[in-house]
Amino acid sequence: MSIFLNILLLIIGFVGLIKGADFFVDGSSALARIFKVPGVIIGLTIVAMGTSAPELAVSTSAAIQGANEIALSNVVGSNIFNLLGVLGVCALICPIPVEKTIIKRDFPFSILITVGLFIVTGIKLFSGFDFLNTGMLENIGMISRPVGIALLIIFAGYIGTLIYLARRNKVTEDDSGKNMPVWKCLLLIVVGLACIIIGGQLVVENAKGIAAALGMSETLIGLTIVAIGTSLPELVTSIVAARKGENGLAVGNVVGSNIFNILFILGVSATIHPIAVNYASVIDLLILVVVSIVTYVFSLTKKISRIEGAVMILMYAATTVFAIVR
């Protein structure tokens, strides 16, 4: 394929991502107003699950083929990028307020399940493990089917809790946004999500083509373009939501996506086929735990500032460099 065609399709993909995110955020926020549900709940559920569709597709297909070590690296890499890349870029563009409910309930829950997953997969690290003489690709743990089923049960409980709280604590949102019928909200959400997914695929595939033509190695392409590519929906949706003042959607989307990735995507993947965990993935999980705690500390002021956003982007660059050189 000509590099010029790659560039054209790349531009079309970005247009699809941006317009799709526009439709998606408008439909989601209007739906929240109609049902008097806080935007943060919509961000944690509909928007989070929708923008995690690429990760779900990649991980499920890998699990069916029995090659789902990809599932874990895909989820961990996407979660790190969501926290440092997505929130970092959003904060750099415009400081983003963080909802009190996310600080008190959802962010700690996200950290808790991440720590739990690290303990389950890296249990050998706590029992006389030979850190120096173990290869990065050596399997040292497993996410078994029972663990996968447990993750799915926890996910169902979490979503059930969010639905219960939304029904109990209905709020009156301001009516400054567009009022539209439910069918139009759902149409915007579906069309927007389709544009986001198709646009994301076009961007990833054509960016890979351009990178290969410029002589980048497959490893470097995989660690950068593909990892970031599957998180493009979260990035674009959160930026659009933040610029529209839908801060509940912006931060809720990231935290909700991370919870969805760990509990649902890994739960489904491990239930289909147990996931072997190598040493590198356990280290990446430890990095995710540290990154989650740092981002949570930044959010405790109820706002992530531009300076903190810049720090988060530098941290992402550092984790990427470490992944390349290790």
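Below or above, wherever it landed, is the structure these notes cover. Everything quoted here is computed from the prediction, not taken from an experiment.

Some details on the overall build of the protein chain
Secondary structure assignment for the protein chain yields 12 helices and four strands. Sorting the 326 residues of the protein chain into buried and exposed places 51% on the buried side. Look at the contacts in the protein chain between residues 6 or more apart in sequence, and 86% of them connect residues 24 or more apart. Per element, the accessible surface of the protein chain, about 14,500 Å² overall, is 71% carbon and sulfur.

Points about the nonpolar core
Membership of the largest hydrophobic core comes to 88 residues, with the highest contact counts inside it found for Leu-72, Leu-87, Ile-96, Ile-143, Leu-263 and Leu-266. Excluding residues within four positions of it along the chain, Ile-96 makes contact with Leu-87, Cys-90, Ala-91, Ala-242, Val-251, Lys-303 and Ile-304.

Comments concerning helix 12 (residues 306-325)
Given a rise of 1.5 Å per residue, 20 residues ought to cover 28 Å, and the 29 Å separating the end C-alpha atoms of helix 12 matches this to within 8%. Looking at helix 12, one finds that the buried residues are Glu-308, Gly-309, Met-312, Tyr-316, Thr-319 and Thr-320. Projected down its long axis, helix 12 carries its buried residues within an arc of 125 degrees, all on one side. Exposed residues on helix 12 whose side chains face more than 90 degrees from its buried face are Ile-307, Leu-314 and Val-325.

A short note on the pattern of salt bridges
For the coordinates displayed, the defined rule picks out one salt bridge. Salt-bridge contacts for Arg-105 lead to Asp-106; the nearest nitrogen and oxygen are separated by 2.9 Å. What makes Arg-105 partly exposed here is its relative accessible area of 26%. Given a relative accessible area of 0%, Asp-106 falls into the buried group.

Points about the packing of helix 1 (residues 3-34) against helix 7 (residues 182-213)
Two elements in contact, helix 1 and helix 7, have axes separated by 6 Å at closest approach and are oriented at 155 degrees. On the basis of their axis angle, the class for helix 1 and helix 7 is roughly antiparallel. The two elements helix 1 and helix 7 meet at a crossing, and its hand is left-handed.

Overview of the environment of Ala-242
Of note, Ala-242 is situated in helix 9 (residues 232-243). The exposure class of Ala-242 is buried, given its relative accessible area of 15%. Taking the C-alpha atoms as reference, Ala-242 lies 9.0 Å from Ala-91; in sequence the two are 151 residues apart.

Comments concerning unusual backbone geometry
Of note in the backbone geometry, Lys-302 takes a positive phi value of approximately 70 degrees without being a glycine. As for its position among the elements, Lys-302 is in the loop between helix 11 (279-299) and strand 4 (303-304). Lys-302 sits in the partly exposed class, given a relative accessible area of 48%.

Criteria and cut-off values
- Residues numbered from 1 in each chain as written.
- Predicted model: local features only at pLDDT ≥ 70, side-chain atom pairs only at ≥ 80, totals over all residues.
- Heavy atoms only, no water.
- Helix = DSSP H or I, 4+ residues; strand = E, 2+ residues; numbered from the N terminus.
- Buried < 20%, exposed > 50% of the residue type's maximum accessible area, 1.4 Å probe, protein only.
- Contact = heavy atoms within 4.5 Å.
- Areas by Shrake-Rupley, 256 points an atom, 1.4 Å probe, with all protein chains shown as cover.
- Core = buried A, V, L, I, M, F, W, Y, C linked by side-chain atoms within 4.5 Å.
- Expected span 1.5 Å × (residues − 1).
- Arc of directions from axis to C-beta.
- Salt bridge = Lys/Arg side-chain N within 4 Å of Asp/Glu carboxyl O.
- Axes fitted to C-alpha atoms, helices over the stretch in contact; angles between N-to-C directions.
- Parallel < 35°, antiparallel > 145°, perpendicular 65-115°, else oblique.
- Left-handed = near helix turned anticlockwise from the far one by under 90°.

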